[in-house]
Amino acid sequence: MPKRPEVLAPAGDAERLEAALQYGADAVYLSMTQFGMRTAPQNFDETALAAAVQKAHGRGVSVYLTCNILPRNDEIAQLPRYFEAATAAGVDALIVADLGVIGMAKRYAPYMPLHISTQFGVVNYQTARELHDMGAARVVLARELSMEEIAEVRAKTPAELELECFVHGAMCMSYSGRCLISNYLAGRDANHGDCAQPCRWRYEVIEPSAPEARYTVEETKNGSFIFNANDLNMIEHIPALYHAGVSSFKIEGRAKAAYYAAVTTNAYRVATDGFIASGYDVNYRPEEWVIEELQKVSHRPYTTGFYFGMPNQNLAYGGYVREYQVAAVAVEWANGVLTVSQRNRFVKGDTLEVLEAGKAPFSIAVDDLFDGEGEAIEAAPHPTMLCRIPCERPVSAGSLLRRAL
């Protein structure tokens, strides 16, 4: 049986890192400005990385640094500097996906634990064993494995080798994320973290002899999105993952907003803690509010992926379900007044929902609204403006206030 499971959250930049830390991550994974599988987020330069590690370690949180692209010849010479910067910053592990990179990491960061990325495509115990023999402390299993296959990998590998699996977020339509569609259609290399996500695009059929005739293959009224994968959601299946031997529950989403990092981390933190408190009961189920939280972030229809057989993609479509947005962030509560920093416009008369770390959300009515000087206002239209809202219940600084759309 694995040790206490880890909640591993994405941190695409300093703001997302803070959200993951505040809402209960045991560990975060992030990237420097090179060699990571997500180029869209801001990521971290050497100075920012050192500060991020110091902040995370100050809260007892581990930091795993990605180096999981498939590097080309002209990038190899830059790797030693990357590994030296990682060591100097004090990161807790490197996430790698290439045999050459593994060898160089062992040479230039010899004391750094190695986590094998899902990009490596580990789908059997023999590969996991070989990687362990090469120095891997953990493997991130391919997303295409079932619970039974994971359990067999666990049973047939050394106990000290940790297994990490994705529990939430976007699913790539290509095996273990090794897609080339973006390269062909957009000239952006998915295996260098620059995927344009053409699998999410809308497609039509054109007959070459009559190019003016365009035919929509309609899966839904919005058209055809035949490559589009549903999002993964395993919040109700934490016992199955744990008892199959999973050591770390990984949330996808370094390119997503801090709000997403906060909500998903909070939900999996509360659910994991509840499971532990139950005595690792195989029948444990999170409270309903925890399950509902994951409906309150932008997402595609949810699936359990390949964990329980082939995923059902009948509900796939091109858009997102997006029903809430962040209105403000709590700054201070005192004497029945909540001071907040605005993030999206809200007005007097709105109802806002407060999300504090580890707690069920609650609503407050904005019956009165004041600016930072205490003057009554009708709306909060300006980003980061300070506002005051009467609120009888104390609210922790950094908590999020959201508004239903």
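Residues numbered from 1 in each chain as written. Predicted model: local features only at pLDDT ≥ 70, side-chain atom pairs only at ≥ 80, totals over all residues. Heavy atoms only, no water.

## Structural notes on the packing of aromatic side chains
For any pair of aromatic rings, the description consists of the separation of the ring centres together with the inter-plane angle of the planes. Taken as a whole and judged by the stated rule, the model has 5 aromatic pairs. With 6.4 Å between their ring centres and 80 degrees between their planes, tyrosine 82 and phenylalanine 83 make a pair best called edge-to-face. For tyrosine 82, a relative accessible area of 3% gives the class buried. Positioned above the aromatic ring of tyrosine 324 is the side chain of arginine 402, whose terminal nitrogen or guanidinium carbon lies 5.5 Å from the ring centre. (Phe/Tyr/Trp six-rings, centres within 6.5 Å; stacked < 30°, edge-to-face > 60°. Buried < 20%, exposed > 50% of the residue type's maximum accessible area, 1.4 Å probe, protein only. Lys NZ or Arg CZ within 6 Å of the ring centre and 35° of its normal.)

## Side note on the side chain of asparagine 68
Tracing the backbone shows asparagine 68 in the loop between strand S3 (62–67) and helix H3 (79–89). Within the local environment of asparagine 68, its side chain forms a polar contact with the side chain of serine 117, the two groups lying 3.5 Å apart. (Helix = DSSP H or I, 4+ residues; strand = E, 2+ residues; numbered from the N terminus. Polar contact = N/O pair within 3.5 Å; in protein donor to acceptor, adjacent residues only side chain to side chain.)

## A closer look at the sheet that holds strand S18 (residues 370–371)
If you walk across this open sheet you meet the 7 strands as S17-S16-S21-S13-S14-S20-S18, and the pairing is antiparallel. With one partner strand each, in any of the chains shown, strand S17 (362–365) and S18 form the two edges of the open sheet. In this sheet, strand S14 (residues 337–342) lies alongside strand S13 (residues 324–334) in antiparallel orientation, the contact comprising 6 bridges. Paired with alanine 330 across the two strands is valine 340, which belongs to S14. (Pairing = 2+ DSSP bridges.)

## Describing helix H9 (residues 258–277)
Taking 1.5 Å per residue as the helical rise, H9 with its 20 residues ought to reach 28 Å, and the 28 Å between its terminal C-alpha atoms agrees with that figure. With respect to burial, H9 is a largely interior element, 16 of its 20 residues being buried. Just past H9, the residue glycine 279 takes up positive phi, approximately 80 degrees. (Expected span 1.5 Å × (residues − 1).)

## A look at helix H4 (residues 99–108)
The set of residues buried in H4 consists of Val101, Ile102, Met104 and Ala105. Contacts made by the buried residues of H4 are with S3, H3, strand S4 (93–96), strand S5 (114–116) and helix H5 (125–133). The N-capping residue of H4, defined by a side-chain oxygen 2.9 Å from the backbone nitrogen of glycine 100, is aspartate 98. (Contact = heavy atoms within 4.5 Å.)

## Regarding the layout of surface pockets
Reported here for the second largest pocket is a volume of approximately 530 Å³. Along its surface, the second largest pocket is lined by 23 residues, and Glu15, Ala257, Ala258, Tyr259 and Val326 are the ones closest to its centre. When residues of the lining of the second largest pocket are traced back to their parent elements, those giving at least two are helix H1 (14–22), H9 and S13. Classifying every residue of the lining of the second largest pocket by side-chain character gives 13 nonpolar, 5 polar and 5 charged. (1 Å grid on protein atoms, 1.4 Å probe; cavity = no way out; pocket = protein on both sides within 12 Å on 5 of 7 lines; lining within 4 Å. Points joined across faces, edges and corners; volume = space filled by probe spheres on them. Nonpolar A, V, L, I, M, F, W, Y, C, P; charged D, E, K, R; others polar.)

## Some thoughts on the nonpolar core
Formed by 98 residues in total, the largest nonpolar core has its most connected members in Phe83 and Leu94. No other element matches the 11 residues that H9 contributes to this core. Apart from the residues within four sequence positions on either side, leucine 94 is in contact with Leu65, Phe83, Ala86, Ala105, Ala109, Met112, Pro113, Leu114 and His115. Judged by nonpolar contacts, the second largest core, of 20 residues, contains Val340, Ile364, Leu369 and Met385. (Core = buried A, V, L, I, M, F, W, Y, C linked by side-chain atoms within 4.5 Å.)

## A few points about the pattern of salt bridges
Taken as a whole, this structure holds 23 salt bridges when the rule is applied. Salt-bridge contacts for aspartate 273 lead to arginine 4; the nearest nitrogen and oxygen are separated by 3.3 Å. Pair noted here: aspartate 273 is in helix H9 and arginine 4 is in the segment before strand S1 (6–10), with a separation of 269 residues, a long-range link. You can call aspartate 273 partly exposed: its relative accessible area is 31%. It is possible to trace a salt-bridge network through shared partners that takes in Lys3, Glu6, Arg138, Glu162, Glu164 and Lys250. (Salt bridge = Lys/Arg side-chain N within 4 Å of Asp/Glu carboxyl O.)

## Regarding the pairing of strand S6 (residues 136–140)
Within S6, 4 of the 5 residues are buried, leaving the element largely enclosed by the surrounding structure. As defined by bridge partners, S5 adjoins S6 across 3 bridges and the pair is classed as parallel. Bridging across to S6, histidine 115 finds its partner in arginine 138. Crossover connection from S5 via H5 to parallel S6: handedness right-handed. Judged from the 3 bridges that link them, S6 and strand S7 (residues 162–169) form a sheet pairing that is parallel. Among the inter-strand pairings, valine 140 is bridged to a residue of S7, identified as glutamate 164. (Right-handed = clockwise from strand over helix to strand, strands pointing away.)

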